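# Fold and geometry: a report
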Amino acid sequence: MGFNTELTRRLGIEVPVVQGGMQWVGYAELASAVSNAGGLGILTALTQSTPEDLRKEIRKTRTLTKKPFGVNITLLPTMGAPPYDEYAQVCIDEGIKVVETAGNSPKPVIKLLKSAGIIVIHKCTTIQHAASAVKLRVDFLSIDGFECAGHVGESDITNLILLTRARQSLDVPFIASGGFADGQGLAAALALGAEGINMGTRFMCTVEAPIHINIKQAIVDASEHDTELVMRRWTNTSRYFKNKVASEALKIERTSTAGKFEEIAPFVSGKRGREVFINGDKDFGVWTAGQVIGLIHDIPTCQELLTRLEEEAIEAVEKSRKVLQPRSNL
Ligand code: NAD
């Protein structure tokens, strides 16, 4: 038994689970492990310093898996100025079949990708943004609830509402993102009308995730209360793991009279966050994590995780069926 959805059919995957783009985590090791386990692994374009480095990472991933995998291109404020179109062109040149886009003004990049026949999964945190992406002919929407890690948007709508709104008002198939870590979550997402789920933080806590074991353990030890929302003042609200640097950044955000982004920039810097994953000091910089950290209690391989997740989802669907009885038996 397994799940046959629009997502598994279009992407050629076995389990309806996409590994979301994660800065400084979405390298070849993780993407290939997720794909080998039957989901869709995703490389994060901006984790590679240049488009040429992304090309090398794509080629490296191909040596590690024969299964489909994708690339994430996130268009949000950055301290540098990434050449998004060049990253997209590398995806096209290298024959990537699926790209996850996210962020602001995605039209030029989506148009470029679509003109090359690439399947585009666009991630958004509001139905209005989803409707705009539908006009750009994206293939799937990734509906990202407020529970999610990283850029939560400014509307704070959680997934029970957001997914139902998506089902009620969008013509394009969608996957559910934010707050998913297990098969019960997958079954719930399918019941709400999604074709599958996107998981980020859950995959950080796997054997193959190329980050320090201390950070995986910090996730296991954390509860759903251990995230912090920073950067609302600059309409770029991000959900981080609650640590010393995130709290410091939040304090500056709340107390600064000038309100200049430059004041907190050294605290929220991605380069500093990257060090966390290398040196294992969870307080060295900010790093994104979803509320789902409260649901994660172990560090399995990607194969163990997806096998278990599929079994749990099947069990949840069967359990739901069992409560259905002819009225005469009630
Ligand atoms: P960075 O060091 O350039 O910036 C650090 C943080 O500050 C990011 O959240 C960024 O959005 C924000 N920021 C930068 N300039 C800003 C400004 N002028 N106003 C408001 N906010 C500003 O970021 P990075 O770690 O090198 O990552 C590069 C980009 O890729 C970022 O936008 C990042 O958020 C994005 N990204 C996010 C994910 C994810 O997991 N959500 C995945 C892939 C990429």
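In this text the structure is predicted, and so the values were computed from the model without any measurement. As a convention, each chain's residues are numbered from 1 in the sequence order in which they are written. Residues qualify for local features only when their pLDDT is at least 70, as the model is predicted, and side-chain atom pairs are given and counted only at 80 or more; totals for whole chains, interfaces and linings, by contrast, use all residues. Computation of side-chain values: all heavy atoms of the structure, hydrogens and water removed.

## A word on the overall build of the protein
Keep this limit in mind: Counting from the N terminus, the helices are the DSSP runs of H or I reaching at least four residues and the strands are the DSSP runs of E reaching at least two. When we talk radius of gyration, it's over C-alpha atoms, and the globule rule is simply 2.2 Å times the number of residues to the 0.38. Burial status follows relative accessibility: with a 1.4 Å probe on protein chains alone, a residue under 20% of its type maximum counts as buried, one over 50% as exposed, and anything between as partly exposed. For this analysis, residues touch if any pair of their heavy atoms sits within 4.5 Å. Each accessible area is a Shrake-Rupley estimate made with a 1.4 Å probe; only the visible protein chains count as cover when residues are assessed.
Along the protein, the regular secondary structure elements total 14 helices and eleven strands. Its C-alpha atoms give the protein a radius of gyration of 19 Å, near enough to 20 Å, the size a compact globule of 330 residues would have. Along the first, second and third principal axes, the C-alpha set of the protein runs to 70 × 45 × 35 Å. When burial is assessed residue by residue, the protein has 55% of its 330 residues classed as buried. Long-range pairs, those at least 24 residues apart, make up 61% of the contacts in the protein between residues at least 6 apart in sequence. Looking at the protein as shown, the accessible area adds up to about 14700 Å², and 53% of this sits on carbon and sulfur atoms.

## Focus on the packing of helix α11 (residues 244–255) against helix α12 (residues 261–268)
This is how the line gets drawn: Throughout, an axis means a line fitted to C-alpha atoms (over the contacting stretch in the case of helices), and angles, computed between N-to-C directions, take values from 0 to 180 degrees. Here roughly perpendicular refers to angles of 65 to 115 degrees, roughly parallel to angles under 35, roughly antiparallel to angles over 145, and oblique to all remaining angles. When residues are grouped by polarity, Ala, Val, Leu, Ile, Met, Phe, Trp, Tyr, Cys and Pro land in nonpolar, Asp, Glu, Lys and Arg in charged, and all others, Gly among them, in polar.
At a closest axis distance of 9 Å, the pairing of α11 and α12 adopts a crossing angle of 175°. Here α12 runs roughly antiparallel to α11, going by the angle between their axes. On α12, the residues that touch V245, E248, A249, I252 and E253 of α11 are E263, I264, F267 and V268. Of the residues belonging to the contact of α11 with α12, the class tally is six nonpolar, no polar and three charged.

## Quick look at helix α7 (residues 159–169)
Those residues of α7 that fall on the buried side of the exposure criterion are N159, L162, L163, T164 and A166. Buried residues along α7 sit in contact with α6 (127–135), β6 (140–144) and β8 (174–177).

## Regarding the sheet that holds strand β1 (residues 17–19)
Put simply, the rule reads: We call two strands paired when DSSP finds no fewer than two bridges between them.
Here eight strands make up an open sheet; going across it, the order is β1-β9-β8-β6-β5-β4-β3-β2 and the pairing parallel. In the strand order of this sheet, the two ends are held by β1 and β2 (41–44), each with one partner. For this sheet the average axis-to-axis angle between neighbouring strands, irrespective of direction, equals 30°. Here five bridges tie strand β4 (residues 98–103) to strand β5 (residues 119–124), and the two strands are oriented parallel to one another.

## Topic: the nonpolar core
Stated precisely, the cut-off is as follows: The set of buried Ala, Val, Leu, Ile, Met, Phe, Trp, Tyr and Cys residues whose side-chain atoms join them within 4.5 Å is what this entry labels a nonpolar core.
Counting residues in hydrophobic clusters, the biggest one holds 81 residues, and the most contacted among them are I73, L141, F203 and W287. Excluding residues that lie within four positions of it along the chain, F203 makes contacts with V17, V18, Q19, M22, L30, V34, A209, C302, L305 and L306. The next biggest cluster of nonpolar side chains, apart from the first, holds twelve residues, and it includes M231, Y240, A246 and V268.

## A short note on the packing of helix α8 (residues 183–191) against helix α14 (residues 302–322)
This is how it is decided: The crossing is said to be left-handed when, going from far helix to near helix, the turn is anticlockwise and less than a right angle, and right-handed when the turn is clockwise.
Two numbers describe how α8 lies on α14: the axes approach to 7 Å, and their chain directions differ by 55°. As judged from the angle between their axes, α8 and α14 are oblique. The hand of the α8/α14 crossing is right-handed. Between α8, through G183, Q184, L186 and A187, and α14, the contact on the second element is made entirely by L309, E312, A313, A316 and V317. Classifying every residue of the contact of α8 with α14 by side-chain character gives six nonpolar, two polar and one charged.

## Overview of the pairing of β2
Worth spelling out the cut-off: Here a crossover is taken to be right-handed if, once the strands point away from the viewer, the path from the first strand over the helix to the second is traced clockwise.
On β2, burial covers both faces: G41 and L43 on one face and I42 and T44 on the other are all buried. Note: β2 against strand β3 (residues 69–75), four bridges, orientation parallel. Bridge pairing in β3 links L43 to V71. The β-α-β motif built from β2, the intervening helix α3 (residues 51–64) and the parallel element β3 has right-handed crossover chirality.

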